[in-house]
Protein chains: 2
Amino acid sequence: MRLALILGVAALIAASPLGAAPPASTANDWRDVDPDNLVLIDTRYGEVAVELAPEFAPNHVARLRALVRSHFFDGKSFYRVIDGFVAQGGVGEGTASTKGLGHDAKMAKDWPPLKAEFDVPAAQAGLFTPLGSPDLFAPEVGHVNGFPVARDMKDGKAWIAHCPGTFAFARDNANDTATTEFYVVIGEMQRRLDRNLTAFGRVIDGMQYLQKLNRGNPDVDSGVIQNPKDRDPILRVRLASDLPESVRPHFQVMRTDSAAFAAKKAQRLNPAPQFYHRKPPQVLDLCNTPVPVRKLEKG
Amino acid sequence: MRLALILGVAALIAASPLGAAPPASTANDWRDVDPDNLVLIDTRYGEVAVELAPEFAPNHVARLRALVRSHFFDGKSFYRVIDGFVAQGGVGEGTASTKGLGHDAKMAKDWPPLKAEFDVPAAQAGLFTPLGSPDLFAPEVGHVNGFPVARDMKDGKAWIAHCPGTFAFARDNANDTATTEFYVVIGEMQRRLDRNLTAFGRVIDGMQYLQKLNRGNPDVDSGVIQNPKDRDPILRVRLASDLPESVRPHFQVMRTDSAAFAAKKAQRLNPAPQFYHRKPPQVLDLCNTPVPVRKLEKG
């Protein structure tokens, strides 16, 4: 009885809608993560891998690549971390925003404010696979290339939803003011941020290292960690395509338009009946429908 | 521009539905946490405080108090921790479940299996305050004494929903098999566990310490951390009422049937328009509607 006293995830993984094991995925069910879209953030707890989605915010993606290549983030810190909400890093290092300056003249010249990319024409976003469940926050939700996406066909727009792991740029009060600061959703979904900020990536590995980051007090200075010594450093940020191929990590994401992903969703709706004696409500939540990722070994 | 480049939580906190600061809460808007329902878990990262809800599972609450008072958990560990899902602790210490024994004869005698308490008659649960938004997983959701609660008036039952921070007992495959193991939801909501397991508390402080726990690999042995040295210890678990009054922490939870909490919900639907240029969808999610908690200083 290996399952004794544990939650039965093993059983759950093994069970298909009909109680038999689901067919194994094939190579065609996976796509390689483009190293140009793969950002690696070294923390003292481990490496965090973020996949970028240029289709949803080409200018923000270009900016992020430029920042990374100029080593902008290296040695800065996660200076604002709010449990259940976001981990934020960038200029807030006792300079710029934490001194109330916004950005100084050199910053403004080097990294001028970006025009918001809160959403894109749905046709430009890529192949949308509906989740198959209703949503509280948007007319329609599903996946594009593994990213959690919401859309509204009344105005023909699509956007990346603020789920745990969503990567985005912070901004000032005005919309077109993002420059260099990023945040990652580390808690519950934050769907009300959708279309109010530019989301353009998601953590595909290492979420648990972001969860280890020291927290600020949300009631003090918006969660900015007051003593810089208590802030966890951003040791280094690199783009995978800038690394020699021999040391690049190689990730694959399950294609969300594949039969394998459809089977994963069906399995989630119909978990192992020997453990789930009450069949769960026949609904999926966008932010709580994991998209499988795997890291291939070298050689 | 103190808000420069940060997400504007300060603005959000300051804003009422009409754009002015909400009225401050009064003493009547808060209730004291009963020290008999307050469980304190010492981790190496800090103290985690869990409030128990005996109305929802009187026998599980009685069992937990007895376990705590017998020092059952002291020196055990969080041996199964899955990022985005649960942190689990109890007997899985290279004995019992991790050896595949379930529970040995002494365990079975000391801590016999409990009858499931997956839900209770709604009338017994206490005063229910509707959230005021629809829900994907249950006919109706809201709060009872600060706990996130779902109910179905067709069968007249209410239960604590599996939101981040929800505290529950694990079990074997059969329903009436919980004995000593607890888990806490540390990731997204896990609503499909609702009414399949007995949930009877929630973390009211220290969630960030649980987030720091070392993780297992969900694909290996259901997430059990294979090397015991990698498991974070449960240093000590105590019931606040067993501590001298002089050293007891004193928590208050905002009454979820108060005008102050109604104002919090309204404020969440209508965050600062100077930052949220797009008004969020007018809906709240049960698991992402924080219930304020405060810790009173001594003296």
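Worth saying up front: this structure is predicted, and the values here are computed from it rather than measured.

## Here we look at the confidence of the model for chain A
Residue and element names in this part refer to chain A. Per-residue confidence for chain A gives a mean pLDDT of 89, with 88% of residues at or over 70. In the model, residues 94–102 has pLDDT below 50 throughout and makes 21 contacts with residues more than four positions away in sequence or in other chains. Model confidence for the complex is summarised by a pTM of 0.92, with the ipTM given as 0.91.

## A few points about helix α2 (residues 58–69) of chain B
Residues and elements named next belong to chain B. Taking 1.5 Å of rise per residue, twelve residues should cover 16 Å, and α2 covers 17 Å from first to last C-alpha, within 8% of that figure. Turning to α2, its buried residues are H60, V61, R63, L64, R65, L67 and V68. On the buried face of α2, the contacting elements are β2 (38–42), β3 (47–52), β11 (166–169), β13 (198–205) and β15 (236–239). Phi turns positive one or two residues past the end of α2, at H71, with a value near 60°.

## Details of the pattern of salt bridges
Taken as a whole and judged by the stated rule, the model has 30 salt bridges over all chains. In this structure, K154(A) engages D152(A) in a salt bridge whose closest nitrogen and oxygen atoms are separated by 3.9 Å. Assessed through its relative accessible area of 77%, K154(A) is described here as exposed. Classification of D152(A) by relative accessible area gives buried; the value is 13%. D135(B) is the partner of R191(B) in a salt bridge, and the nearest nitrogen-oxygen pair spans 3.0 Å.

## Re the sheet that holds strand β8 (residues 140–144) of chain B
Residue and element names in this part refer to chain B. Overall, antiparallel pairing links the five strands, which are arranged β6-β10-β9-β8-β7 in an open sheet. The open sheet has two edge strands, β6 (120–121) and β7 (129–130), and neither has a second partner. Note that β8 and strand β9 (residues 147–152) share five bridges and pair antiparallel. From the neighbouring strand, E140 faces β9, where its bridge partner is R151.

Here is what the cut-offs are and how they apply
Residues numbered from 1 in each chain as written. Chains lettered and ligands numbered in written order. Predicted model: local features only at pLDDT ≥ 70, side-chain atom pairs only at ≥ 80, totals over all residues. Heavy atoms only, no water. pLDDT = per-residue confidence, 0-100. Contact = heavy atoms within 4.5 Å. Helix = DSSP H or I, 4+ residues; strand = E, 2+ residues; numbered from the N terminus. Expected span 1.5 Å × (residues − 1). Buried < 20%, exposed > 50% of the residue type's maximum accessible area, 1.4 Å probe, protein only. Salt bridge = Lys/Arg side-chain N within 4 Å of Asp/Glu carboxyl O. Pairing = 2+ DSSP bridges.

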